[in-house]
There are 2 protein chains.
Amino acid sequence: MKNQIKIFCPATVANVSCGFDALGFALEAVGDVMTFTKTETKAIRITKINVDSLPKETDKNCASAVAKIMLEDAKANFGVDIEIHKGYKSGSGLGSSASSSAGAAFAINYFLNNYFTEQQCLKYAMYGEQVACGSPIADNVSACLLGGFVLIRSYEPLDVRQLPVPNDLMVSVIHPQIEIKTQDARDILPKDIPITNAITQWANVGGLISGLYENDYDLIGKSLVDVVAEPYRKTLIPNFDTVKEHALNAGALGVGISGSGPSIFALSKGLTTAKAVAEAMTNVYKTTDIEYKTYVSKINLKGVHLID
Amino acid sequence: MKNQIKIFCPATVANVSCGFDALGFALEAVGDVMTFTKTETKAIRITKINVDSLPKETDKNCASAVAKIMLEDAKANFGVDIEIHKGYKSGSGLGSSASSSAGAAFAINYFLNNYFTEQQCLKYAMYGEQVACGSPIADNVSACLLGGFVLIRSYEPLDVRQLPVPNDLMVSVIHPQIEIKTQDARDILPKDIPITNAITQWANVGGLISGLYENDYDLIGKSLVDVVAEPYRKTLIPNFDTVKEHALNAGALGVGISGSGPSIFALSKGLTTAKAVAEAMTNVYKTTDIEYKTYVSKINLKGVHLID
């Protein structure tokens, strides 16, 4: 076992249109790189972080907070130095805090020689989400830690399932560089929804999951419908309808809001289409003065993993 | 092609706990037998029916109503005589009107040499539901006509998908012989539901469908949760909670209300358990003065089919 590891922690897309608070997947081309070094003191330190906006205090940074509680619970006699190289901005809707939290859970469990089960690591990563966002949400951290496409079937008890990923399923993401606070994105949603909309939503969750198992790209696309969150949250994202329309015209199977936004994701069959979709989305924002970043990616099947 | 056919039209379980208005499956051991005879006149007649409570008038009986509109739309120059042998009571929550409607759609299309597509037949069967219950619901007729486990992904446009059925999946049903009007069962439900309950529901729909694909009986059982309709509708079914508890204790994977009730269904792994579950459910009603019927069945994979 090494005393220093470098890991890749993928960005993640949660909700996936119909699967609000229940579905998520990891990206291959976008994520953070974190370096963890085992130390002889019991201190947990953020020694380097490439953005100014994130906290460095052990209890406030979600990565160090996760590391601290795991090392305490395992009664470990060592500490860690943590270097965080964010590969994408926080507040993007791509699970930035989840990447840090899941990365810390993975790295600490590595140094602990897998003292904790996968399920326990998930819960520690969820604790990181609690530290970062005030709520121990599971969708981004599950997708990040386990990789692939995940279903959060239940929180009590926690039951996370991995779903199959068709080979040619590709993701295009555009991140308009505006800030949406998760709390605002939550507050804009009604607490009660019409039962008819709920039925539409779970029928589409059923269709999406069936489509993943059947490699049925057409069914996947048809099922990428969100009548619950998107109608409200899209009002926080400039040009959402136009981006969606252009992405669909360019061949996307479906388009939705990534997490609570502002990033917009599209699923496509094959790299060529995914690139054309990304270009179509880009062309919409090119006409505005909003800055943006665009990504094209496969779905990451590994989750957090060692690199180098 | 024969001028007279006899068909089996399976009873069906709609909703399946978490899948309210979206999921259904067909039974092998319970259903109606219908005999259709092609006639030279253009008349559509119910010539025999083994229960007094159902209408015999062409426009009021859902089977003859379906036959009439299909023959008109196909500009057929023949009529049919229809004999209906109900194998279970109507108002059971086991899709009695769906059996008659789907049976008629199947038989008339047989005589029309498959003039209509499967999708069109489904729509005609849905018209039968409209005649019988006032609403063109698709879940029971889809399960009855196609067989197996079905997902109604969308109504507009109609998109019905067949899901895999694990080999050892068995059904126990108890039908307390009380009457619940579909309209009452509808009226008791709130029009709006908490978004948190909706999330629980679609997470479980995801789990159930994943369980069907994975042959994961444990996951199927865990996913048979209904926080939307059951809490309200169970108040219309005497001893529901006790029946559920005893069925689960006897080894059932999960228990729920069949359609809008009053029948209660349980899914089990294997025939031995399904029989023990049926007995446990029976024992509850034995202590009451409510009459009941109990069934143990495989899931019917054929749907409506020719017999003899």
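Residues numbered from 1 in each chain as written. Chains lettered and ligands numbered in written order. Predicted model: local features only at pLDDT ≥ 70, side-chain atom pairs only at ≥ 80, totals over all residues. Heavy atoms only, no water.

Trainee: Tell me about the UniProt feature "domain: GHMP kinase C-terminal" (unreviewed entry) in chain A, and name the residues and values.
Mentor: Mapped onto this numbering, the UniProt entry gives "domain: GHMP kinase C-terminal" (unreviewed entry) at residues 209–286 of chain A. Its end C-alpha atoms 34 Å apart, residues 209–286 of chain A is made of 55% helix and 13% strand. (UniProt positions renumbered as here; feature names shortened; annotations may be inferred. Helix = DSSP H or I, 4+ residues; strand = E, 2+ residues; numbered from the N terminus.)

Trainee: How would you summarise the packing of helix H1 (residues 62–73) of chain B against helix H2 (residues 96–111) of chain B if you had to cite specific residues and measurements?
Mentor: All names here are of chain B. For the pair H1 and H2, interaxial distance at closest approach is 8 Å and the crossing angle is 30°. Viewed along their axes, H1 and H2 adopt a mutual orientation that is roughly parallel. Judged by the sense of rotation from one axis to the other, the crossing of H1 with H2 is right-handed. Listed contacts from H2 to Cys62, Ala63, Val66, Ala67, Met70 and Leu71 of H1 are Ser97, Ser100, Ser101, Ala104, Ala105, Ile108 and Asn109. (Axes fitted to C-alpha atoms, helices over the stretch in contact; angles between N-to-C directions. Parallel < 35°, antiparallel > 145°, perpendicular 65-115°, else oblique. Left-handed = near helix turned anticlockwise from the far one by under 90°. Contact = heavy atoms within 4.5 Å.)

Trainee: Lay out the UniProt feature "domain: GHMP kinase N-terminal" (unreviewed entry) in chain A with the relevant residues and their values.
Mentor: Mapped onto this structure's residue numbering, the UniProt feature "domain: GHMP kinase N-terminal" (unreviewed entry) falls at residues 63–148 of chain A. Annotation note: span residues 63–148 of chain A, helix share 59%, strand share 8%, distance between end C-alpha atoms 22 Å.

Trainee: Report on the relation of the copies chain A and chain B, specifying residues and quantitative values.
Mentor: Note on the copies: chain A fits chain B at an RMSD of 0.0 Å, the axial shift is 0.0 Å, and the rotation between them is 180°. The two molecules are tied by a two-fold rotation axis, judged by turn and shift. Among all residues of chain A, the one whose C-alpha sits closest to the rotation axis is A:Trp202, at a distance of 2.3 Å. By residue overlap, the copies meet face to face through one surface: 100% of the interface positions of chain A are interface positions in chain B. (Least-squares fit on C-alpha atoms with pLDDT ≥ 70 in both.)

Trainee: So what's going on with the side chain of A:Ser142? Which residues, and what values?
Mentor: Locating A:Ser142 in the fold gives a position in helix H4 (residues 139–146). A distance of 2.6 Å separates a polar atom in the side chain of A:Ser142 from the backbone oxygen of A:Ala138. (Polar contact = N/O pair within 3.5 Å; in protein donor to acceptor, adjacent residues only side chain to side chain.)

Trainee: Report on helix H6 (residues 195–214) of chain A, specifying residues and quantitative values.
Mentor: All names here are of chain A. End to end, H6 covers 28 Å across 20 residues, agreeing with the expected 28 Å (1.5 Å per residue, within 8%). Burial of H6 is extensive: 16 of the 20 residues sit out of reach of the surface. Asparagine 215 sits one or two positions beyond H6 and adopts a positive phi of about 55°. (Expected span 1.5 Å × (residues − 1). Buried < 20%, exposed > 50% of the residue type's maximum accessible area, 1.4 Å probe, protein only.)

Trainee: Now, about the environment of A:Phe8: what can you tell me, with residues and values included?
Mentor: Residue and element names in this part refer to chain A. One can find phenylalanine 8 in strand S1 (residues 4–14). In the structure, phenylalanine 8 is positioned 27 residues away from threonine 35 in sequence and 9.1 Å away in space, judged by C-alpha atoms. If we ignore the near neighbours within four places in the chain, the residues touching phenylalanine 8 are Leu27, Glu28, Val30, Gly31, Asp32, Val33, Asn300, Gly303, Val304, His305 and Ile307.

Trainee: Can you explain the sheet that holds strand S10 (residues 264–269) of chain B? Please cite residues and give values.
Mentor: Residues and elements named next belong to chain B. Pairing is antiparallel in the open sheet, where 4 strands are placed in the order S9-S10-S7-S11. Taken across any chain shown, the strands that pair with only one partner, and hence form the sheet edges, are strand S9 (254–257) and strand S11 (292–298). For this sheet, the mean angle separating the axes of adjacent strands, direction not counted, is 20°. Two strands pair when backbone bridges link them, and strand S7 (residues 169–176) and S10 are joined in this way by 6 bridges, in the antiparallel orientation. In the sheet register, methionine 170 faces S10, and the bridge partner there is serine 268. Sheet strands touched by helix H9 (residues 240–249): S7, S9 and S10. Its angle to S9, the strand with the most contacts, is close to 155°. (Pairing = 2+ DSSP bridges.)

Trainee: Explain the domain arrangement of chain A to me, using residue names and the numbers behind them.
Mentor: Residues and elements named next belong to chain A. As assigned here, chain A comprises domain 1 (4–164 + 301–306) and domain 2 (169–298). Placing a centre on the C-alpha atoms of domain 1 and another on those of domain 2 gives a separation of 24 Å. Each partner contributes to the interface: domain 1 provides 29 residues, whereas domain 2 provides 34 residues. Here domain 1 packs against domain 2, burying approximately 2400 Å² in sum over the two surfaces, 65% of which is carbon and sulfur. When residues of domain 1 are sorted by the area they lose upon contact with domain 2, Ser17, Cys18 and Phe20 head the list and together hold 25% of the total. The tally of links from domain 1 across to domain 2 stands at 1 salt bridge. At the surface where domain 1 touches domain 2, the tally comes to 12 residue pairs in polar contact (both at pLDDT 80 or more). (Domains from an automatic or database assignment. Buried area = accessible area lost by both parts, 1.4 Å probe. Salt bridge = Lys/Arg side-chain N within 4 Å of Asp/Glu carboxyl O.)

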